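Coordinate inspection notes
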Amino acid sequence: MTDALPAQDSQLTKIRVLVFFSLATLSLMSALDGTSISVALPIISHELHGSAIETFWTGTSFLLASTVFQPNFAAFSNIFGRKVLIMTALTFFFVGALISSLAKDFTSLIIGRSFQGVGGGGINAMTEIIITDIIPLRLRGQYFGILSAMWAIGSVTGPILGGGFAQNVTWRWIFYINFPFIGIGAVMVLIFLKLSRVPGSVLKRLSEVDFTGTVLFVGSISSFLIPLTWGGVVYAWSSWHTLVPLIVGIIGLIVFAVYEAKASANPIIPVAVFQNRSIIICYVTDVLHGMVLWCILYYLPLYYEAVKEYSPIISGVALFPITFTTAPSSVVVGFLISRFGSYRWAIWLGWVISTLGLGIMCLMDIKTSVPAWIFLNLVGGIGLGILFPALAFAVQASVDSEHLAIAVALFSFLKSLGQAIGVAVGGVVFQNQMFKNLQQYPALAPRAAEYSQDAAGLVQVIQAMSNGQDKSDLKQAYVDSLQIVWAICCGLCGLALVLSFGTESYNVDRVLDTTQGLRTENAGNLESHQPKDSEKREKSTLAP
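Residues numbered from 1 in each chain as written. Predicted model: local features only at pLDDT ≥ 70, side-chain atom pairs only at ≥ 80, totals over all residues. Heavy atoms only, no water.

A word on the overall build of the chain
On a plain count of helices and strands, the chain comes out with 23 helices and zero strands. Taken over C-alpha atoms, the radius of gyration comes to 23 Å for the chain, in line with the 24 Å a tight globule of 544 residues would show. When its C-alpha atoms are laid out on the principal axes, the chain stretches across 85 × 50 × 45 Å. By sequence separation, contacts in the chain at least 24 residues apart represent 83% of the contacts at least 6 residues apart. In the form shown here, the chain has an accessible surface area of approximately 21900 Å², with 68% of it arising from carbon and sulfur atoms. For the chain, the centre of its 30 positive side-chain charges and the centre of its 30 negative side-chain charges are spaced 4 Å apart. (Helix = DSSP H or I, 4+ residues; strand = E, 2+ residues; numbered from the N terminus. Rg over C-alpha atoms; globule rule 2.2 N^0.38 Å. Contact = heavy atoms within 4.5 Å. Areas by Shrake-Rupley, 256 points an atom, 1.4 Å probe, with all protein chains shown as cover. Lys, Arg positive; Asp, Glu negative; His and termini not counted. Charge placed at Lys NZ, Arg CZ, Asp CG, Glu CD.)

So, the domain arrangement of the chain
Domains assigned within the chain are domain 1 (13-200), domain 2 (210-265) and domain 3 (271-518). Each of domain 1 and domain 2 has a C-alpha centre, and the two are 24 Å apart. Residue-level contacts link eleven residues of domain 1 with eleven residues of domain 2. Where domain 1 abuts domain 2, roughly 930 Å² becomes buried across the two surfaces, and 85% of that area is made up of carbon and sulfur atoms. Of all residues in domain 1, F56, L64 and V68 give up the largest surface area on contact with domain 2, accounting jointly for 47% of the area buried on that side. Our count for the domain 1 to domain 2 interface comes out at zero salt bridges. Viewed at the interface, domain 2 and domain 1 are joined by zero residue pairs in polar contact (both at pLDDT 80 or more). When residues in the side of domain 1 that touches domain 2 are grouped by element, the largest group, seven residues, is from helix α3 (residues 52-68). (Domains from an automatic or database assignment. Buried area = accessible area lost by both parts, 1.4 Å probe. Salt bridge = Lys/Arg side-chain N within 4 Å of Asp/Glu carboxyl O. Polar contact = N/O pair within 3.5 Å; in protein donor to acceptor, adjacent residues only side chain to side chain.)

Some details on helix α17 (residues 370-397)
In this model α17 runs 42 Å from its N-terminal to its C-terminal C-alpha over 28 residues, within 8% of the 40 Å that 1.5 Å per residue would give. Of all the bends found along α17, the most pronounced is centred on F388 and spans about 25°, while P389, a proline, follows it within four residues. Most of α17 is tucked away: 21 of the 28 residues are buried. (Expected span 1.5 Å × (residues − 1). Bend = angle between axes of the 7 residues up to and from the residue. Buried < 20%, exposed > 50% of the residue type's maximum accessible area, 1.4 Å probe, protein only.)

A look at the packing of helix α13 (residues 277-306) against α17
It is at 10 Å that the axes of α13 and α17 come closest, and there the two elements cross at 150°. Between α13 and α17, the angle is such that the two are roughly antiparallel. α17 is crossed by α13, and the crossing has left-handed handedness. Along its contact with α13, which presents I279, C282, Y283, T285, D286, H289, V292, L293, I296, L300 and Y304, the element α17 presents W373, N377, L384, L387, F388, L391, A394 and V395. Class assignment of the residues belonging to the contact of α13 with α17 gives a composition of 15 nonpolar, three polar and one charged. (Axes fitted to C-alpha atoms, helices over the stretch in contact; angles between N-to-C directions. Parallel < 35°, antiparallel > 145°, perpendicular 65-115°, else oblique. Left-handed = near helix turned anticlockwise from the far one by under 90°. Nonpolar A, V, L, I, M, F, W, Y, C, P; charged D, E, K, R; others polar.)

A word on the state of the cysteines
Within this structure, the stated rule accounts for zero disulfides. We note that C493 lacks a disulfide partner, and the nearest cysteine sulfur, in C490, lies 6.6 Å from it. Owing to a relative accessible area of 0%, C493 belongs among the buried residues under this scheme. (Disulfide = S-S within 2.5 Å.)

Following this line, the structure appears as structure tokens:
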């Protein structure tokens, strides 16, 4: 009997590793697909004869759909089971990839990208939730560090692959390449992900779905996010096209919050999730992390294209100093958190380094050399990478097991929400600064309103101009505007650092407590060792 337990533990460890490998594969696929199409859009637009608005929606539909549905996947997985929901997400992703790969017009392409977005958001949310079901809290840091690294690798290699396929083969390979990932991931999930079943009949479980809350949330958050993506690009920020849906979305979200708190029997987002100061601080700083990260990933390539006049693919390669430091720092810090059983030090360190990194990015100008901008980007990448596993770990340590699934999905959702807000805030700052800066140059001032409207569109204007004083002045105005964007991001990191000092330290040495763990677990043994509710989030006496 004494030999049986170690053998069983060894078997369970192998199963967990195989399940995690399956989930990591799917996460890489989702990250690749979310970013690979951006560089290829001009070629796709030319081949399918698309308008500017169609091209815009092809690029943003994935992000919108991915963000909106993440909390719903978590809520439904509590009712129908994790395996059903991750296979549902995979199905959405497959259908979307198939429609997109066969698209003959932009309508089909946008529909396909939207389906893929729903699937991608579901994959992201369910991956993190399933890890909390099969990995004890103390060990999760290293797994979330690896997942963050997969996201970073996928995000930076996506545009390079997309540009390479579009220029050298066909843009349809951007979607073809998903099929092996989907097939391998689906087979591995079906074989290895054997979770405990959710009790009750299908009809009973359907009766537990909060349909009213679902409609309110999806409708309101969509109404809020859509004008954020097109404000200043498709329509002016002062236009009713932007303001009306934005206001309707905010009002809808308030109504949703009241309904969930007062009227819903099975709320999608229970108020109890926000049960302490730490979880609220983690969520606020998570939004700030998403804002800063996506602002960099969106506007830094524009610096290389407009100021250095690099090609889109080379601009993607130029992101390596910041993206390929994010991945290893995420992994290393994840392992250190698991090793020492504390996480606050990582949050503080991450925000300190991020604040420093965004501050020194303000030094980038027209004459910055290649070695200089490589060094200037390294620091921010390290800091932002540290925060991926640190914030995720803090959220999980700060919430009870009963609400862990939705807490994790909400964490992923808020980071995506922060990404959309970050690009919007960066756009507003850039436009205002660009308009102001162009007033200083008499030759450019008459076109200040036109040039300041869209940072991405201005890249083509600069590259098409002949070398001369006007081009040099326009580049200088571009750099000066981006420096204010980096300064705002630096300020946001500093704010997050101050807020993070309010994060409490909770004990991470908890017995795995879940109703949807691996079926091979000894359920009786787990139940006998479950901590009482008062013990689940016991404050830690360890160092930060």
